[in-house]
Amino acid sequence: MDKLELIKNNANLQEQTPFYLFDYDEINRRVSSINQLLSKNAKLCYAIKANPFLIPALQNQDLLFEVCSPGELSICEKYQLASSKIVFSGVCKTFEDIKRAYNLCVKTITLESELHCDYLLQVLDSTAKENQHPQEIILRLSSGNQFGMSEGDIKKCIEKLKAYPSLKIRGIHYFTGTQKKLNKIAEEISFICDFCDRLQKETSITFTDIEYGPGLSFNYFTTSDEANNFTELEQFSKLIENSNYNFVIELGRYVASSCGYYVTKIMDVKTNSTGNYCIIDGGINHINYYGQMMGMKLPPVEQIQSNPNAFEEKKYSICGSLCTTADVVLRELHLKDAQPGDLLIFKNIGAYSITEGIYLFLSHPLPKVFVSKGDLLKCVRNSIESYNINSMD
């Protein structure tokens, strides 16, 4: 069933605003399409920070899962995600974090620093030889920020790792940011391939993989159907298809965006000297767009009218329920005579809003989360009161 129709035809669901709805059929379709279009030397890795609620839908798909914190690793354990699919990244890993990942036999552990390397070697030194297992690792190269290592530190780590035959250096990890242009991606691919060629010669090691985050863009502010727009992916695949390396492609936003809906209710409508305003029961604490573009551009939004006989179209500013003038979700949205009780359905909200919202501000409840598959609809998280977190026991 079309998920917009599901929302429009379900009066009980409409009473439970604000809420997220994630379409498991759509996320599986999108991942299948991405896998079909990736070059043969590439494998998809889903960055679960974009939306961990999608793990149950994807755990049987042919892809890896990037996990960047102990909490995310716990989510994977909760869902019984196969450890052979986990890439354990994260800039602030402790000895205990690395020991835990090693004992869980995760497929790959990312080393972000020489300290991470030392922690891993300490784990092996404290593990009886009969209990040691082969462990893949990747070394993260810094792009000039706080993430990853310098070339010199990577070489130091390689010399240390050579003494441990159970450790396999799978390759180099490189990521510089998201929503990048294709010419920037092409420059980075050329750079990282040249770096890996030189590194292998200078250190006398061999490895096969480059773990790379291309940061493919997803256009939230367009009338075109971005769910079926794979132009950048096809162009990216051509850039790497003749490489001597295998690429593990980290994607979050590009994978998850199209599967999500955010539904919020208009609670009040007012007019003053500056224009018409709708106050909704959600706000910027629940919706996040890349680049903090909140309010400045127009994403796809649908109105469900409580009064279907209202036809006069007016321009409204859509503002949330937070007591701050920053809580402007949209500066200008044309609606048909907006009334309290009308619903607004934000599309393409499957990535990051669920994990990046400023949920604790003003102690509003966290929204419910629904997932759908076919005609089945399930609430997987009830609304959670945040005032308990913002007060002492």
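Everything below is about the structure printed above this text.
Everything numeric in this text was worked out from a predicted model, so none of it was measured.

Participant: Is there a simple way to explain the side chain of His173 in this structure?
Facilitator: Relative to the helices and strands, His173 is located in strand β7 (residues 167-175). A residue is classified by how much of its surface remains accessible, and His173, at 1% relative accessible area, is buried. A polar atom in the side chain of His173 sits 2.9 Å from the side chain of Glu250.

Participant: Just to check I follow, could you spell out the nonpolar core for this structure?
Facilitator: Generally speaking, a soluble globular protein has its nonpolar side chains buried in company with each other. Tyr46, Leu139, Leu161, Ile172, Phe247 and Ile318 are the most contacted members of the largest nonpolar core, which has 100 residues in total. At seven residues, helix α9 (residues 182-203) tops the list of elements feeding residues into this core. Residues in contact with Ile172, not counting those within four places in the same chain, are Leu139, Leu141, Ile154, Ile192, Phe195, Cys196, Leu199, Phe207, Asp209, Ile210 and Glu211. Counting twelve residues, the second largest nonpolar core, distinct from the first, contains Leu4, Tyr261, Val263 and Leu343.

Participant: Is there a simple way to think about the pattern of salt bridges in this case?
Facilitator: Side-chain pairs of opposite charge can arise whenever the charged atoms involved come near each other. Applying the stated criterion to the full structure yields 26 salt bridges. A salt bridge links Arg29 to Glu26; the shortest N-O distance between them is 3.0 Å. Of this pair, Arg29 and Glu26 both sit in helix α3 (residues 24-37), three residues apart, which is roughly one turn of that helix. Each of the salt bridges in this network shares a partner with another, and the network as a whole consists of Lys107, Glu136, Arg170, Asp209 and Glu211.

Participant: I'm lost on the packing of aromatic side chains in this one. Help?
Facilitator: One pair of aromatic rings is described through two measures. These are the centre distance and the angle between the planes. Taken as a whole and assessed by the stated rule, the structure comprises 13 aromatic pairs. Here Phe191 and Phe195 contribute two aromatic rings whose centre-to-centre distance is 6.4 Å and whose plane-to-plane angle is 25 degrees, an arrangement assigned as stacked. Taken together, the residues Phe191 and Phe195, both in helix α9 and four residues apart, mark about one turn of the helix. Positioned above the aromatic ring of Tyr254, the side-chain terminus of Arg30 is 4.5 Å from the ring centre. The residue whose ring lies beneath Lys93 is Phe88, and the NZ or CZ to ring-centre distance is 5.7 Å.

Participant: Honestly, a nonpolar patch on the surface in this entry has me stumped. Any pointers?
Facilitator: A cluster of nonpolar side chains, namely Ile358, Phe361 and Leu362, defines an oily patch on the protein surface of about 250 Å² accessible area. With respect to the element layout, Phe361 can be found in the loop between α12 (353-356) and β16 (368-373). Judged by relative accessible area, Phe361 falls into the partly exposed class, the value being 38%.

Participant: How do you make sense of helix α8 (residues 151-161) when you look at a structure like this?
Facilitator: Quick reminder: α-helices carry 3.6 residues per turn. Residues three or four places apart thus point the same way. Buried residues of α8: Ile154, Cys157, Ile158 and Leu161, and no others. All buried residues of α8 lie within an arc of 105 degrees about the axis, which places them on one face of the element. In the core, the buried residues of α8 are packed alongside β5 (108-111), α7 (114-125), β6 (135-140), β7 and α9.

Participant: Even after reading the chapter, I still don't get the pairing of β6, so can you show me in this structure?
Facilitator: Regular strands have side chains that alternate between both faces of the sheet. Of all six residues making up β6, six are buried, and the element is well covered by its neighbours. A two-sided burial pattern is seen for β6, the buried positions comprising Gln135, Ile137 and Leu139 on one face and Glu136, Ile138 and Arg140 on the other. Pairing analysis gives four bridges linking β5 to β6, with the strands arranged parallel. Across the sheet, Thr108 pairs through a bridge with Glu136, a residue of β6. Regarding the hand of the β-α-β motif, the stretch spanning β5, α7 and β6 is right-handed.

Participant: What is the right way to look at the sheet that holds strand β8 (residues 209-213) in this model?
Facilitator: The strands making up a sheet associate through backbone hydrogen bonding, with each pair oriented either parallel or antiparallel. Around the barrel, which closes on itself, the eight strands sit in the order β2-β3-β4-β5-β6-β7-β8-β9 with parallel pairing between neighbours. Pairwise comparison of adjacent strand axes, ignoring direction, gives a mean angle of 30 degrees for this sheet. Pairing of β7 with β8, which is carried by five bridges, proceeds in the parallel orientation. Paired with Ile172 across the two strands is Ile210, which belongs to β8. Lying over the sheet, α8 contacts β5, β6 and β7, oriented at roughly 160 degrees with respect to β6.

Participant: Would you mind showing me how to read the pairing of strand β10 (residues 260-272) here?
Facilitator: Strand direction decides the pairing type here: strand β1 (residues 19-23) and β10, joined by four bridges, are antiparallel. Each bridged residue has a counterpart across the sheet, and for Phe19 the counterpart in β10 is Val263. Bridge count for β10 against strand β15 (residues 343-346) is four bridges, and the pairing is antiparallel. Within β15, the residue paired with Tyr262 across the bridge is Phe346. Of the pairings in the sheet, the one linking β10 to strand β11 (residues 275-280) comprises six bridges and is antiparallel in character. What sits directly across from Ile266, in β11, is Ile280. The loop that links β10 with its antiparallel partner β11 comprises two residues.

Participant: How do you make sense of the packing of α9 against helix α10 (residues 231-240) when you look at a structure like this?
Facilitator: Relative placement of two packed helices is described by the angle separating their axes and the distance separating the axes. Packing of α9 against α10 brings their axes to within 11 Å, and their N-to-C directions diverge by 25 degrees. The orientation of α9 with respect to α10, classified from their angle, is roughly parallel. Along this stretch, α9 crosses α10, giving a crossing that reads as right-handed. Residue-level inspection shows Leu182, Ile185, Ala186 and Ile189 of α9 in contact with α10, the latter providing Glu232, Gln235, Phe236, Leu239 and Ile240.

Participant: When you look at unusual backbone geometry in this model, what are you seeing that I'm missing?
Facilitator: Negative phi values dominate among residues other than glycine, just as trans dominates among peptide bonds. Of the consecutive residues Thr17 and Pro18, the connecting peptide bond is found in the cis state with omega at -10 degrees. Note on placement: Pro18 falls in the loop between α2 (11-14) and β1. One non-glycine residue, Asn348, lies in the positive phi region at around 55 degrees. In this structure, Asn348 sits in the loop between β15 and α12. When its relative accessible area of 15% is taken as the criterion, Asn348 is described as buried.

Cut-offs and rules
Residues numbered from 1 in each chain as written. Predicted model: local features only at pLDDT ≥ 70, side-chain atom pairs only at ≥ 80, totals over all residues. Heavy atoms only, no water. Helix = DSSP H or I, 4+ residues; strand = E, 2+ residues; numbered from the N terminus. Buried < 20%, exposed > 50% of the residue type's maximum accessible area, 1.4 Å probe, protein only. Polar contact = N/O pair within 3.5 Å; in protein donor to acceptor, adjacent residues only side chain to side chain. Core = buried A, V, L, I, M, F, W, Y, C linked by side-chain atoms within 4.5 Å. Contact = heavy atoms within 4.5 Å. Salt bridge = Lys/Arg side-chain N within 4 Å of Asp/Glu carboxyl O. Phe/Tyr/Trp six-rings, centres within 6.5 Å; stacked < 30°, edge-to-face > 60°. Lys NZ or Arg CZ within 6 Å of the ring centre and 35° of its normal. Patch = residues over 30% accessible without salt bridge, like charges linked within 9 Å, V, L, I, M, F, W, Y side chains within 5 Å. Areas by Shrake-Rupley, 256 points an atom, 1.4 Å probe, with all protein chains shown as cover. Arc of directions from axis to C-beta. Pairing = 2+ DSSP bridges. Right-handed = clockwise from strand over helix to strand, strands pointing away. Axes fitted to C-alpha atoms, helices over the stretch in contact; angles between N-to-C directions. Parallel < 35°, antiparallel > 145°, perpendicular 65-115°, else oblique. Left-handed = near helix turned anticlockwise from the far one by under 90°.

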